[in-house]
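Topology and contacts: notes
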Amino acid sequence: MSSTQSLPISDPPSSTTGNAAWSSTISATPALRAFLARLTESTRRAFARRRPWYELIDRTAFSKPDSLTDATSRIRKNFNYFRVNYLTLLSGVLAFSLLSHPFSLLTIVSLLCAWLFLYLFRPADQPVVINGRTFSDKEILGILVVLTVFVVFLTSVGSLLMSASLIGLGIICVHGAFRDPEDLFLDDQEIPGTGLFFSFTGAATSAAVADVMARV
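Under an unreviewed UniProt entry, the protein has the name PRA1 family protein and belongs to Lactuca virosa. Quoted verbatim from the Function (unreviewed entry) field of UniProt, the annotation for the protein is "May be involved in both secretory and endocytic intracellular trafficking in the endosomal/prevacuolar compartments." The record in UniProt for the protein states the following under Sequence similarities (unreviewed entry): "Belongs to the PRA1 family."

1. Looking at the overall build of the protein
Per the secondary structure count, the protein includes ten helices and two strands. Start at the N end of the protein and walk to the C end: the helices and strands fall as α-α-α-α-α-α-β-β-α-α-α-α. Taken across its 216 residues, the protein has 28% of its residues classed as buried. In the protein, 79% of the contacts between residues at least 6 apart in sequence involve partners at least 24 apart. Carbon and sulfur atoms make up 68% of the accessible area of the protein, which amounts to about 14500 Å² in all.

2. Description of the pattern of salt bridges
Overall, the coordinates contain two salt bridges when judged by the stated rule. Between Asp70 and Arg74 there is a salt bridge, and its shortest N-O distance comes to 3.6 Å. Note that Asp70 and Arg74 are positioned in helix H4 (residues 68-81) at a spacing of four residues, about one turn of the helix. One salt bridge connects Arg133 with Glu139, and the closest N-O pair in it is separated by 3.1 Å.

3. Quick word on H4
A rise of 1.5 Å per residue sets the reference length of H4, with its 14 residues, at 20 Å; its end C-alpha atoms lie 20 Å apart and thus fit the reference within 8%. What H4 keeps buried is the set Ala71, Arg74, Asn78 and Tyr81. When H4 is viewed along its axis, its buried side chains cluster within an angular range of 90 degrees and face the same direction. Along H4, exposed side chains directed more than 90 degrees from the buried face belong to Leu68 and Thr69. On its buried face, H4 sits against helix H3 (53-56), helix H5 (83-99) and helix H8 (156-178).

4. A word on the UniProt feature "transmembrane region" (unreviewed entry) in the protein
Here, the residues flagged by UniProt with the feature "transmembrane region" (unreviewed entry) are residues 81-99, 105-121, 141-171 and 191-214. Helix makes up 95% of residues 81-99 and strand 0%. Its end C-alpha atoms lie 29 Å apart. End C-alpha to end C-alpha, residues 105-121 measures 22 Å, and it is 94% helix and 0% strand.

5. Focus on the nonpolar core
Leu111, Ala114, Trp115, Tyr119, Val128, Phe135, Ile140, Leu144, Val151 and Val157 form the largest nonpolar core, which has ten residues in total. Of the residues forming this core, the biggest block, four residues, is contributed by helix H6 (residues 102-120). In terms of nonpolar packing, the next biggest core, distinct from the first, is built from seven residues, Tyr81, Tyr86, Leu90 and Leu184 among them.

6. A word on the packing of H4 against H8
Where H4 meets H8, the axes come as close as 7 Å, and the angle between the chain directions of the two elements is 105 degrees. Judged by the inter-axis angle, H4 sits roughly perpendicular to H8. In contact with Ala71, Arg74, Ile75 and Asn78 of H4, H8 contributes Cys173, His175, Gly176, Ala177 and Phe178. Taken together, the residues of the contact of H4 with H8 break down into five nonpolar, three polar and one charged.

7. Comments concerning the environment of Met162
Assignment of secondary structure puts Met162 in helix H8. Spatially, the C-alpha atoms of Met162 and Leu94 are 9.3 Å apart, while their sequence positions differ by 68 residues.

8. Regarding the packing of H6 against helix H7 (residues 137-154)
Any two packed helices are characterised by the angle at which their axes cross and by the distance between the axes. Taken N-terminus to C-terminus, the directions of H6 and H7 make an angle of 165 degrees; their axes are 11 Å apart at the nearest point. Overall, the two elements H6 and H7 adopt an arrangement that is roughly antiparallel. Crossing angle aside, the handedness with which H6 passes H7 is left-handed. Facing Thr107, Leu111, Ala114, Trp115, Leu118 and Tyr119 of H6, the residues of H7 in contact are Asp137, Ile140, Leu141, Leu144, Val145, Leu147, Thr148 and Val151. The residue makeup of the contact of H6 with H7, split by class, is eleven nonpolar, two polar and one charged.

Reading guide: rules and limits
- The residue numbering used here restarts from 1 in each chain and proceeds along that chain's sequence as written.
- Selection of residues for local features in this predicted model requires a pLDDT of at least 70, selection of side-chain atom pairs for listing and counting requires 80 or more, and totals for whole chains, interfaces and linings are taken over all residues.
- The side-chain quantities take in all heavy atoms of the structure and omit both hydrogens and water.
- UniProt positions are given in the numbering used here, feature names are shortened, and annotations may be inferred rather than shown by experiment.
- A run of H or I in DSSP counts as a helix once it spans at least four residues, and a run of E counts as a strand once it spans at least two, with each numbered from the N terminus.
- Burial classes follow relative accessibility: with a 1.4 Å probe on protein chains only, a residue under 20% of its type's maximum area counts as buried, one over 50% as exposed, and anything between as partly exposed.
- Here, residues are in contact when the closest pair of their heavy atoms is within 4.5 Å.
- Accessible areas in this description were obtained via Shrake-Rupley with a 1.4 Å probe; residue shielding takes into account the shown protein chains only.
- Between Lys or Arg on one side and Asp or Glu on the other, a salt bridge is scored when a side-chain nitrogen of the former is within 4 Å of a carboxyl oxygen of the latter.
- Any helix carries an expected span of 1.5 Å times its number of residues minus one.
- Along the arc lie the directions from the helix axis toward the C-beta atoms.
- Each nonpolar core is a collection of buried residues, namely Ala, Val, Leu, Ile, Met, Phe, Trp, Tyr and Cys, held together in the definition by side-chain atoms within 4.5 Å.
- Only the stretch in contact is used when fitting a helix axis, every axis being a line fitted to C-alpha atoms; angles between N-to-C directions are given from 0 to 180 degrees.
- Note on angle classes: values under 35 degrees are labelled roughly parallel, values over 145 roughly antiparallel, values of 65 to 115 roughly perpendicular, and the remainder oblique.
- Any residue outside Ala, Val, Leu, Ile, Met, Phe, Trp, Tyr, Cys, Pro, Asp, Glu, Lys and Arg is labelled polar, Gly included; the first ten of those are nonpolar and the last four are charged.
- When the near helix sits turned anticlockwise from the far one by under a right angle, the crossing is termed left-handed; a clockwise turn instead gives a right-handed crossing.

Given below as structure tokens:
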């Protein structure tokens, strides 16, 4: 009887390899993990302060402003009250524009990932090596700055972002000018320093900025 020989069997690549690599990358950068946790919590708390959408589109509350001064005052009051709603609307316009142009979306995502993983949240003890050449932090910063300027000002991505931003701001200004804020509880506003943008710039961001300044 011939002996049975065992054939070497290699395990097929796991579908979770990419997820594991992503998780290991994040776990290797505590500043990034802290920033993401802070960003998630801040976004959740910001959306908790969102005003009901029916107040935003209440047709009975729309009227023509008496003057330019009245329109400016309305925009300011409505922005203070519908701040999160307006920022959500602006983000939606930007997202729709980028989704309508997949190449621009891919370019923006790639540029953002390059900043995050090659400079902002890259551990200082892990240099960037390409084709056997080690790049310093200043060289990486210079390359990213030049690449960002090229993408924003010399390609269609910049014009797309600018056009979408202007459209979103135009919608917000028109709504704010014609939405009469007299029926809004304007005293129920956020305390200065606790808004949407301030929440994103907490201790985690400060630590990341300090780490970046230490590189320069």
